[in-house]
Amino acid sequence: MGGRDLFGYVGIEAVLDQMRRKTMKAGFEFNIMVVGQSGLGKSTLVNTLFKSKVSRKSCTPSYEEKISRTVHLKSVSHIIEEKGVKMRLTVIDTPGFGDQINNENCWDPIVKYINEQYEKYLTEELHITRKRRIPDTRVHCCVYFLPATGHRLRPIDVEFMKRLGKIVSIVPVIAKADTLTMDERLDFKQRIRQDLQASGIRVYPQKEYDEDVEDRIRNDKIRENIPFAVVGTDKEHQVNGNKVLGRKTKWGIIEVENVAHCEFANLRDLLVRSHLQDLKDVTHYIHYETYRVRRLNESNASVSGLSALPLENGITEKYEAQSQL
Amino acid sequence: LSSVYLCLSSGVPENARPLSLSGHVGFDSLPDQLVNKSTSQGFCFNILCIGETGIGKSTLMDTLFNTNFENFESSHFEPRVKLRAQTYDLQESNVRLKLTIVNTVGFGDQMNKQESYQHVVDYIDTQFESYLQEELKIKRSLHNYHDSRIHACLYFIAPSGHSLKSLDLVTMKKLDSKVNIIPVIAKADTISKSELHKFKIKIMSELVSNGVQIYQFPTDDETVSKINTAMNGHLPFAVVGSTEEVKIGNKMVKARQYPWGVVQVENENHCDFVKLREMLICVNMEDLREQTHTRHYELYRRCKLEEMGFRDTDPESKPVSLQETYEAKRQEFLQELQRREEEMRQTFVQRVKEKEAELKEAERELQGKFEQLKRLHMEEKSKLDEKRKSLEDEMSSFSKKKAAAELLQGQAFTANSNLKKDKDRKK
């Protein structure tokens with residue numbers, strides 16, 4: 001049954017267009033979580049990424065800059081459209097993270113939220129009568145903001161990324177990177193990469209999930225460059241007769257989309273232009289499945305009577321028992 | 001391969017505001033990202049061909065996919081309907097297609113066709129069941145799963161020119177909720193144009209009046225609604241298949257050559273082959289796959305789970321988790337199992353007792369027999385002893401008598417000889 005030669009036109013390749021049409025009609029969902037201390041520019045960055053006021057800050061009329069006592073999660077959704085492609089973008093904010101004096105376990109509400117979304121999806125998937133398209137609120141990407149200290153990862157960074165790297169795709173970024181010179185930036189990045197490896201933290205794109213050689217080559221380039229050093233802004237300035245997004249300072253204009261200045265464009269390309277679908281796939285086929293396996297196994301072993309679902313196992317049990325009889 | 005089914009969003013936005021973008025973000029590449037992933041994984045398409053032996057199923061498949069699938073003719077003497085599935089890897093430009101063609105062997109050949117459709121239904125259900133089993137596993141790999149569910153069912157109608165056979169109606173009725181049915185009129189070159197027109201109308205009205213739901217080409221997407229609506233009106237497609245080529249003008253075309261003319265397969269005036277190819281492959285392959293997954297498979301899954309006793313809400317209309325129901329059922333089943341085991345044990349013990357009793361009885365009998373034999377033996381022995389005694393007595397009295405007789409004889413002889421002597425002396 002090797003590959004066969006077709007003697008003439010059949011029309012199989014038309015299926016690509018069919019698929020494109022259908023997905024464009026149905027639209028896409030993307031859920032992105034931003035985590036980091038207050039003041040690191042999370043809202044600004046997200047707005048810059050999606051070229052519109054998608055962050056909670058920008059669209060909540062009663063928003064106040066307050067340090068909250070606890071970590072709570074707030075999400076806000078928007079429908080954005082580009083060239084006929086509709087996307088339902090949900091940005092999940094985590095105010096209060098890392099802002100307390102005692103930050104122990106500040107990741108718990110976040111872990112809880114992420115697992116709750118997996119649970120919601122699992123419950124719907126297990127229904128007898130289930131929706132045609134299960135609404136996807138699972139976190140596809142968690143952007144973790146590292147302050148541009150120039151030194152190394154802090155304990156809170158290590159603890160957070162260690163835990164969350166197991167359940168969600170983490171993309172670490174160096175926030176407000178315009179305080180680092182190029183050399184400082186390179187050193188900082190290298191130290192961070194060392195720390196990540198030493199602590200066994202897996203960030204996106206994870207090596208194990210590269211599908212083929214092409215993927216590996218592409219992703220290796222990204223892995224050598226993370227975390228991206230970003231600067232965000234929604235203001236435009238005139239540079240050389242062009243309007244560019246940038247931060248104006250006394251000593252010059254930092255062009256956000258200029259790769260010589262910062263790596264915002266790399267981040268945007270990764271998250272939106274090239275790997276968005278992959279982020280969703282990794283979430284669905286790997287993180288969600290891991291959750292599902294764990295959940296179904298622990299229900300199996302629990303005393304309270306909730307059992308695992310494997311009807312397949314139940315049926316084989318039945319056959320075995322019957323044959324014994 | 002299933003990724004395309006699951007990543008589509010729910011379409012209707014709930015509590016999300018529309019927002020305009022101030023510049024190019026770049027997520028318009030999303031459909032391309034998705035398509036690229038699917039291309040590297042490849043596509044799966046499974047067609048089921050139902051029709052009588054010799055009606056032209058294999059030839060049509062060869063013609064449709066422009067290749068030679070190496071089929072061999074089936075006999076007409078199959079005792080029951082069998083389904084034969086073969087998988088092929090096709091490639092056109094950068095699209096790889098894993099095509100599975102399932103043929104019914106012996107359909108319509110039996111004297112008694114009552115069971116014919118059941119094998120087909122069972123086959124379709126088996127593929128759904130496989131998928132369901134995989135989906136329910138704890139450690140599953142749907143990403144790599146080779147989807148064997150039937151995406152399109154081509155039902156071949158014999159070109160009688162009159163109406164559908166009852167076998168056709170019964171079979172299609174049984175299948176319409178399980179698979180996308182596309183009826184085709186086979187060997188359409190045996191029907192004239194006017195007869196064909198009447199035939200098509202008759203077939204469609206029979207399908208409608210019997211409530212058979214055949215696959216409708218989707219008309220909700222503006223890009224294709226026009227062509228799909230038009231094509232819906234041409235059903236069932238009258239097809240002619242041929243892999244042989246005939247020279248027409250200065251081109252070689254697929255055709256069937258008769259003494260009275262040449263039927264060109266790809267000539268839309270001659271038959272609907274091109275329409276079928278258009279609809280089945282070029283325009284609606286993805287929709288066929290989607291309908292199979294979101295409609296037919298979901299229906300099967302729901303029915304199967306309900307059959308096993310699972311519900312989404314319990315009698316008080318509170319939501320019930322599948323796990324709880326499953327655990328309850330499992331306990332029930334285990335208890336039942338225990339009860340049955342106990343029963344069997346009881347029965348076993350009972351039987352053992354009975355057997356023991358039987359054996360004891362047999363033992364007693366044997367014992368009795370033994371005693372009896374022993375007694376008989378003793379009796380015989382004593383009888384024999386008596387006989388011997390009496391014989392011995394006889395013998396001894398006989399020998400006594402003999403001795404006495406001998407003595408007497410001796411005496412008599414002596415007396416005789418004395419007498420003789422005396423006589424002699426006296427002389």
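Cut-off values and rules
Throughout, residues of each chain are indexed from 1 in the direction in which the sequence is written. To label them, take the chains in the order written and letter them from A, then take the ligands in the order written and number them from 1. Since the coordinates come from a predicted model, pLDDT governs what is reported: local features require at least 70, and pairs of side-chain atoms require 80 or more to be given and counted, while whole-chain, interface and lining totals use all residues. Processing note: side-chain calculations cover all non-hydrogen atoms of the structure and skip hydrogens and water entirely. Comment: elements are numbered from the N terminus, with helices defined as DSSP H or I runs of at least four residues and strands as E runs of at least two. With the radius of gyration taken over C-alpha atoms, the globule rule is written as 2.2 Å times the number of residues to the power 0.38. Only protein chains enter the calculation, and the probe is 1.4 Å; a residue is then buried if its accessible area is under 20% of its type maximum, exposed if over 50%, and partly exposed in between. Residues are treated as being in contact if the distance between any of their heavy atoms lies within 4.5 Å. Here the Shrake-Rupley method, with its probe set to 1.4 Å, supplies the accessible areas, and only the displayed protein chains count as covering residues. His is not counted, nor are the chain ends, whereas Lys and Arg count as positive and Asp and Glu as negative. A charge is said to be at NZ when it belongs to Lys, at CZ for Arg, at CG for Asp and at CD for Glu. Side-chain rings of Phe, Tyr and Trp (the six-membered ring for Trp) are treated as a pair once their centres are within 6.5 Å; stacked means planes under 30 degrees apart, edge-to-face means over 60, and tilted covers the remaining angles. Geometrically, a lysine NZ or arginine CZ counts as sitting over a ring once it is within 6 Å of the ring centre and also within 35 degrees of the ring normal. Here the bounds of each domain stem from an automatic or database domain assignment. Method remark: on a 1 Å grid restricted to protein atoms, a set of points is classed as a cavity if a 1.4 Å probe fits but cannot get out and as a pocket if it is open with protein on both sides within 12 Å along at least five of seven lines; lining residues have an atom within 4 Å of a point. Grid points are joined across faces, edges and corners, and a volume is the space filled by probe spheres set on the points. By nonpolar core is meant a set of buried Ala, Val, Leu, Ile, Met, Phe, Trp, Tyr and Cys residues that side-chain atoms within 4.5 Å join together. By convention in this document, the label disulfide applies to cysteine sulfur atom pairs within 2.5 Å. By definition here, a helix of n residues has an expected span of 1.5 Å times n minus one. Pairing between strands is defined by DSSP: at least two bridges between them are needed. All axes here are fitted lines through C-alpha atoms, helices being fitted over the stretch that makes contact, and every angle between N-to-C directions spans 0 to 180 degrees. Counted as salt bridges are all cases of a side-chain nitrogen of Lys or Arg within 4 Å of a carboxyl oxygen of Asp or Glu. One confidence number per residue, pLDDT, is output by the predictor and ranges from 0 to 100. It is the directions from the helix axis to the C-beta atoms whose arc is reported.

Visitor: Even after reading the chapter, I still don't get the overall build of chain B, so can you show me in this structure?
Guide: The helix and strand tally for chain B stands at 10 helices and 10 strands. Over its C-alpha atoms chain B spans a radius of gyration of 48 Å, topping by over 25% the 22 Å that the globule rule assigns to 427 residues. Judged by the C-alpha coordinates and their principal axes, chain B covers about 185 × 70 × 45 Å. Sorting the 427 residues of chain B into buried and exposed places 44% on the buried side. In chain B, 68% of the contacts between residues at least 6 apart in sequence involve partners at least 24 apart. Carbon and sulfur atoms provide 53% of the accessible area of chain B, an area that totals close to 24500 Å². With 63 positive and 65 negative side-chain charges, chain B shows a spacing of 12 Å between the two charge centroids.

Visitor: Whenever I open this one, the overall build of chain A confuses me. Can you help?
Guide: Per the secondary structure count, chain A includes 10 helices and 10 strands. Classification of the 325 residues of chain A by burial places 54% in the buried group. A total accessible area of about 15200 Å² is found for chain A, and carbon and sulfur atoms account for 50% of it.

Visitor: Please explain the packing of aromatic side chains as it appears in this structure.
Guide: Here the distance between the centres and the angle between the planes together describe a pair of aromatic rings. For the structure on display, the rule yields 14 aromatic pairs over all chains. Judged by centre distance (6.0 Å) and plane angle (85 degrees), the rings of A:F97 and A:Y144 are edge-to-face. With a gap of 47 residues between them, A:F97 in the loop between β4 (85-93) and α4 (108-126) and A:Y144 in strand β5 (residues 141-146) connect regions that are remote in the sequence. Both rings, one in B:Y131 and one in B:Y145, keep their centres 5.4 Å apart while their planes meet at 80 degrees; by these two values the pair is edge-to-face. Here B:Y131, found in helix α4 (residues 116-136), pairs with B:Y145, found in the loop between α4 and β5 (152-157); they are 14 residues apart in sequence, far enough to count as distant. What makes B:Y145 buried here is its relative accessible area of 15%. Ring pairs connect the aromatic residues B:F128, B:Y131, B:Y145, B:Y297 and B:Y300, which therefore count as one cluster. Over the ring of A:Y121 we find A:R138, and its NZ or CZ is 3.6 Å from the ring centre. It is A:R138 that lies over the ring of A:Y288; its NZ or CZ is 4.9 Å from the centre.

Visitor: Where do I start with unusual backbone geometry in this structure?
Guide: Apart from glycine, the bulk of residues carry a negative phi angle, and the bulk of peptide bonds sit in the trans form. Omega for the bond connecting A:Y204 with A:P205 falls within 30 degrees of zero, at -5 degrees, which places this linkage in the cis form. Mapped onto the fold, A:P205 is located in the loop between α6 (182-198) and α7 (213-223). Of note, B:S93 is a non-glycine position whose phi angle comes to about 45 degrees, a positive value. The phi torsion at B:K187 lies on the positive side, around 50 degrees, for a residue other than glycine. Along the chain, B:K187 turns up in the loop between β6 (181-185) and α6 (193-209).

Visitor: Help me out: how do you make sense of the domain arrangement of chain B in this one?
Guide: With domains assigned, chain B is organised as domain 1 (40-308) and domain 2 (321-397). One C-alpha centre belongs to domain 1 of chain B, the other to domain 2 of chain B, and the line joining them spans 69 Å.

Visitor: Help me understand empty space enclosed by the protein in this model?
Guide: With a probe scaled to a water molecule rolled over the atoms, the places where space remains empty come into view. Residues and elements named next belong to chain A. This structure, assessed with the given rule, holds 8 cavities of 30 Å³ or more. Considering only enclosed or pocket space, the second largest cavity measures out at about 60 Å³ in volume. Lining the second largest cavity we find Y204, P205, Q206, Y209, D210, D215, R218, N219, H275, D278 and V282. At the level of secondary structure, the elements contributing two or more residues to the lining of the second largest cavity comprise α7 and α9 (276-301).

Visitor: Honestly, the nonpolar core in this entry has me stumped. Any pointers?
Guide: For soluble globular proteins, the rule of thumb is that nonpolar side chains tend to be buried together. Judged by nonpolar contacts, the single largest core of 90 residues is most densely connected at B:F65, B:L154, B:L276 and B:L280. Considering every element that reaches this core, the biggest residue donor is α4(B), with 9 residues. Judged by nonpolar contacts, the second largest core, of 84 residues, contains A:F50, A:V54, A:V173 and A:I201.

Visitor: Even after reading the chapter, I still don't get the state of the cysteines, so can you show me in this structure?
Guide: A covalent bond between the sulfur atoms of two cysteines is referred to as a disulfide. A complete count under the given rule lists 0 disulfides over all chains for this structure. Looking at A:C142, it has no disulfide partner, and the nearest cysteine sulfur is the one in A:C141, 7.0 Å off. Since its relative accessible area comes to 0%, A:C142 is described here as buried. Not engaged in a disulfide, the cysteine B:C44 finds its nearest cysteine sulfur in B:C49; these two sulfurs lie 16 Å apart. Note on B:C44: relative accessible area 1%, which makes it buried.

Visitor: Quick question: what am I supposed to make of α4(B) here?
Guide: For α4(B), spanning 21 residues, the distance from its first C-alpha to its last is 31 Å, which sits close to the expected 30 Å at 1.5 Å a residue. The element α4(B) is largely enclosed, with a buried count of 16 among its 21 residues.

Visitor: What's the story with the sheet that holds strand β9 (residues 242-249) of chain A in this structure? I'm lost.
Guide: Within a sheet, each strand pairs with its neighbour through backbone hydrogen bonds, oriented either parallel or antiparallel. Residue and element names in this part refer to chain A. In space, the 3 strands of this open sheet follow the order β8-β9-β10, with antiparallel pairing throughout. At either margin of the open sheet sits one strand with a lone partner, and together these are β8 (236-239) and β10 (252-255). With direction set aside, neighbouring strand axes in the sheet form an average angle of 65 degrees. Strand direction decides the pairing type here: β8 and β9, joined by 4 bridges, are antiparallel. Bridged to H237 within β9 is V244.

Visitor: Help me understand the pattern of salt bridges, please; the structure alone is not making it clear to me.
Guide: A side chain with one charge can pair with a side chain of the opposite charge if their charged atoms come near. Counting across every chain of the model gives 55 salt bridges over all chains. With a closest N to O distance of 3.8 Å, B:K37 and A:E211 form a salt bridge. Of the two residues, B:K37 sits in helix α2 (residues 30-41) while A:E211 sits in the loop between α6 and α7, which places them in two different chains. Classification of A:E211 by relative accessible area gives partly exposed; the value is 44%. Linking B:R256 and B:D189 is a salt bridge whose minimum nitrogen-to-oxygen distance equals 3.2 Å. Note that B:R256 is positioned in strand β9 (residues 251-258) and B:D189 in the loop between β6 and α6, a separation of 67 residues in sequence.

Visitor: Just to check I follow, could you spell out the confidence of the model for chain A for this structure?
Guide: In low-pLDDT regions, the fine details of the predicted coordinates are not to be read closely. Summary statistics for chain A give a mean pLDDT of 84 and a share of 86% for residues scoring 70 or more. Every residue in residues 303-313 of chain A is under pLDDT 50, and counting partners more than four places away or in other chains gives 30 contacts.

Visitor: Help me understand the pairing of strand β10 (residues 261-264) of chain B in this model?
Guide: The side chains of a regular strand alternate between both faces of the sheet. Pairing of β9(B) with β10(B) involves 4 bridges; the strand directions are antiparallel. Across the sheet, the residue bridging to B:Y258 is B:G261, located in β10(B).

Visitor: Would you mind showing me how to read α6(B) here?
Guide: Since there are 3.6 residues in each turn of an α-helix, residues three or four apart along the chain are aligned in direction. Residues and elements named next belong to chain B. Helix length check: α6 (17 residues) gives 24 Å between terminal C-alpha atoms against 24 Å at 1.5 Å per residue, within 8%. Considered for burial, the residues of α6 that qualify are L196, F199, K200, I203, E206 and L207. Down the axis of α6, the smallest arc covering the buried residues is 135 degrees, so these residues share one side. Residues H197, K198, V208 and S209 are exposed on α6 and point more than 90 degrees away from its buried face. Elements that come into contact with the buried residues of α6 comprise β5, α5 (166-175), β6 and β7 (237-238). Downstream of α6 by a residue or two, G211 has a phi angle that is positive, lying close to 70 degrees.

Visitor: In this structure, what is going on with the pairing of β5(A)? I would like to understand it.
Guide: All names here are of chain A. Burial analysis of β5 places 6 of its 6 residues in the buried class, which makes it a mostly covered element. Pairing of strand β2 (residues 28-35) with β5, which is carried by 4 bridges, proceeds in the parallel orientation. Note on β5: the bridge partner recorded for M33 is C142. Across 5 bridges, the pairing between β5 and strand β6 (residues 170-174) is parallel.

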